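Single-letter residue listing:
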Amino acid sequence: MKEIMYKSTRSDAEPITASKAILAGLAPDGGLYVPTEDPSFDRPLEELVPLSYQELAYAVMKQYLTDFTEEELRHCINGAYDSKFDTPAIAPLVKKGNAWYLELFHGKTIAFKDMALSILPYLMTTAAKKNHSEEEIVILTATSGDTGKAAMAGFADVPGTRIIVFYPKGGVSMIQELQMLTQKGANTAVAKIHGNFDDAQSAVKKVFNDADMKAELAARGFKFSSANSINVGRLVPQIVYYVYAYCTMVRNGDIACGDEINICVPTGNFGNILAAYYAKQMGLPVRKLICASNENKVLTDFFRTGSYDRKRPFMLTSSPSMDILISSNLERLIYRLCENDPAANKALMDALSGDGKYEITEKMQEKLNDFYGGCASEEDNFEGIASLYKETGYVIDTHTGIASAVYRKYRKETGDETPTVIASTASPYKFAKSVVNAIDPAFEAENDFGFIDRLHELSGVAEPAAITEIREAKILHDRETTAETLPDTIREILRIE
Ligand SMILES: *Cc1c(COP(=O)(O)O)cnc(C)c1O
């Protein structure tokens, strides 16, 4: 079988193996690792249809992670996708209204980040073993709310690893914050950072690219890696559930094998939708990838005009995990649009960090046909959540609500009735206050737990264990930092003076 190697989007440095790319997280030149070619499915699509989630995960992931042995990869998959998920389907698909909702929130922390972050610790420790890497791995992660908890839960007490999370102060929901602050595990740490998600992500990326700091840590036996979706070890497991959704639709008789579907994804850092794009490159029959943004609609504007411009007010919305103006993973698509020319890609990324914007050529823009960009306001979102509930009794969260609202617009604008899968990225319980505000605006409660109880009455869906746990859990973390003092906070956590 052909080996798939990974190279940086910003230089012509020698490609490395998948396991090394997972260990590194970010390339030393600041670029992201991309596969040197597009893997395809190893057998006809029909033969993937009957597979269980775990079997399908193996069939898809082995095409990307070619330096892992079958035994290694199956160990990772079986360790990750087990009874930590509250349903054997792992990623169930439900048809409501005129769309299929792919529920990606049945893991431990009730957001889709669990789909990749329950397997990343296995992939990373396996990669370390394969490469005889002796250092303790320090995972640095910026979070808009959900990655942080999912990464801490995944890495808690995993030998040979530390996990340090930074989240924007005032930029996450009460539930998200409580979930992080109550995380157990001697190797976990979390700090709120003054600023928004982009500030946190930039500060963390800066540490990654700081050669002095890297050397200082190496001298103490530490090595940085990332649990953000810039890590290919996050991206590859996310391809699986789109293929699984398709197979589920075939099994249910919703479509015939070979028919096209659309995939609509509530987008922030562009990781989840990029995985859907990779699924399409593998051979999944996908017509349009609908990229749904909230009021931070930098991607909608990009898809419509070819100009990426982050110089605009940062909006705090009720879909906080999508409050992002610098969508890191878009770089992987841009690189491809540049015909895999790292210098051309780097020039655009430098313009983004220097001037806050860049523009792609018309020729590049023509290749964006796979995508449709759309956005929804707070009002559209709330209205959509309420009307879906009224019509079907089904409750979606505020991120899925953005996708649902954008899909409705897309359908009206284009008349395209291709069966459409909407990535349902969080349990409504995680954003109970906003969801109840949308459905029952007159309801009031003292804190988020009151809204959770009301949500239970409205939806009839059992309260997930992730919520019950934090009702009583003790606060274990209380760090605060700024972009400037972030390196010192890391030293303090690692006890390096
Ligand atoms: C992270 C997140 C998103 C955005 O996903 P990206 O991969 O960053 O585009 C959407 N919804 C929820 C609930 C999330 O946690």
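The present account deals with the structure reproduced in this document. (Residues numbered from 1 in each chain as written. Predicted model: local features only at pLDDT ≥ 70, side-chain atom pairs only at ≥ 80, totals over all residues. Heavy atoms only, no water.)

Aromatic ring pairs are reported here in terms of the distance separating the ring centres and the angle at which the planes meet. Taken as a whole, this structure holds 19 aromatic pairs when the rule is applied. Relative to F224, the ring of F208 has its centre 6.1 Å away and its plane inclined at 75°; by these criteria the two rings are edge-to-face. Separated by 16 residues along the polypeptide, F208 in helix 9 (residues 197-208) and F224 in strand 8 (residues 222-226) bring together distant segments of the chain. Each member of the pair, F208 as well as F224, carries the same accessibility label: buried. Grouping aromatic residues by their ring pairs yields a cluster made of Y64, F270, Y277, Y278, F302, F303, Y308, Y358 and F371. When the ring centre of W100 is taken as reference, the NZ or CZ atom of K95 above it lies at 4.7 Å. (Phe/Tyr/Trp six-rings, centres within 6.5 Å; stacked < 30°, edge-to-face > 60°. Helix = DSSP H or I, 4+ residues; strand = E, 2+ residues; numbered from the N terminus. Buried < 20%, exposed > 50% of the residue type's maximum accessible area, 1.4 Å probe, protein only. Lys NZ or Arg CZ within 6 Å of the ring centre and 35° of its normal.)

Let's shift gears to the sheet that holds strand 15 (residues 479-481). Spatially, 8-5-6-7-15 is the arrangement adopted by the five strands of the open sheet, whose pairing is parallel. Pairing within the sheet leaves two strands with one partner each, and these edge strands are strand 8 and strand 15. Taken over all neighbouring pairs, the strand axes of this sheet differ in orientation by 30° on average, direction set aside. Here six bridges tie strand 6 (residues 161-168) to strand 7 (residues 188-193), and the two strands are oriented parallel to one another. (Pairing = 2+ DSSP bridges. Axes fitted to C-alpha atoms, helices over the stretch in contact; angles between N-to-C directions.)

A few words now on the pairing of strand 4 (residues 99-103). In terms of residue burial, strand 4 counts as a mostly covered element, since five of its five residues are buried. Because side chains alternate across strand 4, one face comprises the buried residues A99, Y101 and E103, and the other comprises W100 and L102, equally buried. Between strand 3 (residues 93-96) and strand 4, which pair antiparallel one after the other, the connecting turn spans two residues, and G97 there sits at a positive phi close to 60°. Where strand 4 meets strand 14 (residues 420-424), four bridges bridge the pair, whose relative direction is parallel. Counterpart to E103 in the pairing with strand 14 is S424.

A word on the site of the ligand. Near the ligand you find 15 residues, and of these K113, D146, G268, N269 and T425 are the closest. In this structure, D146 approaches the ligand through a side-chain N or O atom, which is 2.5 Å from an oxygen atom. Contact between the ligand and F270: an oxygen atom at 3.0 Å from a main-chain N or O atom of the residue. (Near = heavy atom within 4 Å. Polar contact = N/O pair within 3.5 Å; in protein donor to acceptor, adjacent residues only side chain to side chain.)

Before going further, it helps to examine the pattern of salt bridges. Inspection of the entire model under this criterion finds 28 salt bridges. Here R74 and E70 are joined by a salt bridge, their closest N and O atoms 2.7 Å apart. Within this pair, R74 and its partner E70 are both found in helix 4 (residues 70-80), separated by four residues, close to a single helical turn. With a relative accessible area of 26%, R74 lands in the partly exposed category. For E70, a relative accessible area of 44% puts it in the partly exposed group. Across the pair E480 and K169 runs a salt bridge whose closest N-O atoms are separated by 3.1 Å. In this pair, E480 sits in strand 15 while K169 sits in the loop between strand 6 and helix 8 (174-181), placing the two residues 311 residues apart along the sequence. Look at K169 and you get partly exposed, because its relative accessible area is 41%. When salt bridges with common partners are traced through the structure, they connect D42, R43 and K62 into a single cluster. (Salt bridge = Lys/Arg side-chain N within 4 Å of Asp/Glu carboxyl O.)

Core analysis: the largest hydrophobic core is formed by 115 residues, its most contacted members being M61, L65, Y242, V243, F270, I334 and Y358. Residue contributions to this core peak at 14 residues, all from helix 11 (residues 232-251). If you look at the next biggest cluster of nonpolar residues, it comprises 37 residues, including L388, V406, V435 and I470. (Core = buried A, V, L, I, M, F, W, Y, C linked by side-chain atoms within 4.5 Å.)

Take unusual backbone geometry next. The backbone of H132 sits at a positive phi, close to 50°, despite the residue not being glycine. Among the secondary structure elements, H132 is positioned in the loop between helix 6 (120-130) and strand 5 (136-142). On the accessibility criterion, H132 (63% relative accessible area) is exposed. Look at N340: it is not a glycine, yet its phi comes out positive at around 60°. A relative accessible area of 41% places N340 in the partly exposed class.

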